[in-house]
Amino acid sequence: IVKQIPKEKLLILDIDVEKLDDSYAVLYQDFEENFYQGLSSALPMIQKYESLTLFLSKNQFQYTPKGILKGFKRFCEDYNVKNEVVNNLEFDHLEEGHAYFLFLENDLVRFVNYANRKGLKLGKNIGLLSYDDTPIKEILDDSGITTISNDFVQMGKLAGRLVHNRQKGKIASDCRLIIRGSL
């Protein structure tokens, strides 16, 4: 279907379509590399904890790109971080001395609630990270949630330049670690 649209009138955002060559304008998130680099930047904070658990939120139909799972596994292997991938967040999963990675904002709110009910303090005796920064992550649990986030402002500016200059090629957008009190 994509190949039916004239190349000069098409800009693909967010996902790299591997079957398209550099004659298309593609601005994408390199999920594996971004996730790996974000976690690597947070390594000193992650090492305070016994393990890192990634929650997939499967019961809420959360799509997790394969690259995120690859980046997570690669990070844990390269830095010898004990890890686990779990389908869904449950109250019993939270343990003192461990760090967790969540995607959905509903899960983040539940996590903070669970931690409070267990007498755990984010960034002190339990760690929390999330993906893609949003306003709620700035204020949740007083000191905010540490995130690995695509730089959407930069991505928007770059998309504008690609369109304005009629530039073609595949470009990976930047990602950054935003450190807050939760880790």
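The structure reproduced in this document is the subject of the present report. All figures in this text were calculated on a predicted structure; none of them were measured in a lab. (Residues numbered from 1 in each chain as written. Predicted model: local features only at pLDDT ≥ 70, side-chain atom pairs only at ≥ 80, totals over all residues. Heavy atoms only, no water.)

## Regarding the overall build of the protein
Right, on to step 1. Scanning the protein from N- to C-terminus turns up six helices and nine strands.
Right, on to step 2. Viewed in the frame of its principal axes, the protein has a C-alpha envelope of about 55 × 30 × 30 Å.
Right, on to step 3. At a minimum sequence separation of 6, the contacts of the protein that also span at least 24 residues come to 70%.
Right, on to step 4. Carbon and sulfur atoms provide 49% of the accessible area of the protein, an area that totals close to 9900 Å².
Right, on to step 5. Taken as two groups, the 24 positive and 26 negative side-chain charges of the protein have centres that lie 5 Å from each other. (Helix = DSSP H or I, 4+ residues; strand = E, 2+ residues; numbered from the N terminus. Contact = heavy atoms within 4.5 Å. Areas by Shrake-Rupley, 256 points an atom, 1.4 Å probe, with all protein chains shown as cover. Lys, Arg positive; Asp, Glu negative; His and termini not counted. Charge placed at Lys NZ, Arg CZ, Asp CG, Glu CD.)

## Quick look at the packing of aromatic side chains
Centre distance and the angle of the planes are the two values used to describe a pair of aromatic rings.
Right, on to step 1. Overall, the coordinates contain 10 aromatic pairs when judged by the stated rule.
Right, on to step 2. Ring centres of Tyr100 and Phe111 lie 5.4 Å apart, and the angle between their planes is 55 degrees; this geometry places the pair in the tilted category. Placement of Tyr100 in strand β5 (residues 99-102) and of Phe111 in helix α4 (residues 105-117) is noted, with a sequence separation of 11 residues between them.
Right, on to step 3. Members of the aromatic cluster, connected to one another through ring pairs, are Phe31, Phe35, Phe101, Phe103 and Tyr131.
Right, on to step 4. Geometry around Tyr36 places Arg74 over its ring, the cationic atom sitting 3.7 Å from the centre.
Right, on to step 5. A cation over a ring is seen here: Lys118 above Phe91, with NZ or CZ 4.6 Å from the ring centre. (Phe/Tyr/Trp six-rings, centres within 6.5 Å; stacked < 30°, edge-to-face > 60°. Lys NZ or Arg CZ within 6 Å of the ring centre and 35° of its normal.)

## What to know about the sheet that holds strand β8 (residues 169-172)
Right, on to step 1. Read from one edge of the open sheet, three strands run β1-β2-β8, paired in parallel fashion. Taken across any chain shown, the strands that pair with only one partner, and hence form the sheet edges, are β1 (11-14) and β8. Within the sheet, the average angular offset between the axes of one strand and its neighbour, ignoring direction, is 10 degrees.
Right, on to step 2. Note: β1 against strand β2 (residues 25-28), four bridges, orientation parallel. (Pairing = 2+ DSSP bridges. Axes fitted to C-alpha atoms, helices over the stretch in contact; angles between N-to-C directions.)

## Considerations on helix α6 (residues 152-165)
Right, on to step 1. In this model, α6 (14 residues) spans 20 Å end to end at C-alpha, consistent with the 20 Å of a helix rising 1.5 Å per residue.
Right, on to step 2. Along α6, the positions that sit buried rather than exposed are Met155, Leu158, Ala159 and Leu162. The arc that holds every buried residue of α6, seen down its axis, measures 105 degrees, which confines them to one face. Away from its buried face by more than 90 degrees, α6 exposes Val153, Lys157 and His164.
Right, on to step 3. Lining the buried residues of α6 we find β1, β2, β7 (146-150) and β8.
Right, on to step 4. Positive backbone phi, approximately 50 degrees, marks Arg166, located one or two places after α6. (Expected span 1.5 Å × (residues − 1). Buried < 20%, exposed > 50% of the residue type's maximum accessible area, 1.4 Å probe, protein only. Arc of directions from axis to C-beta.)

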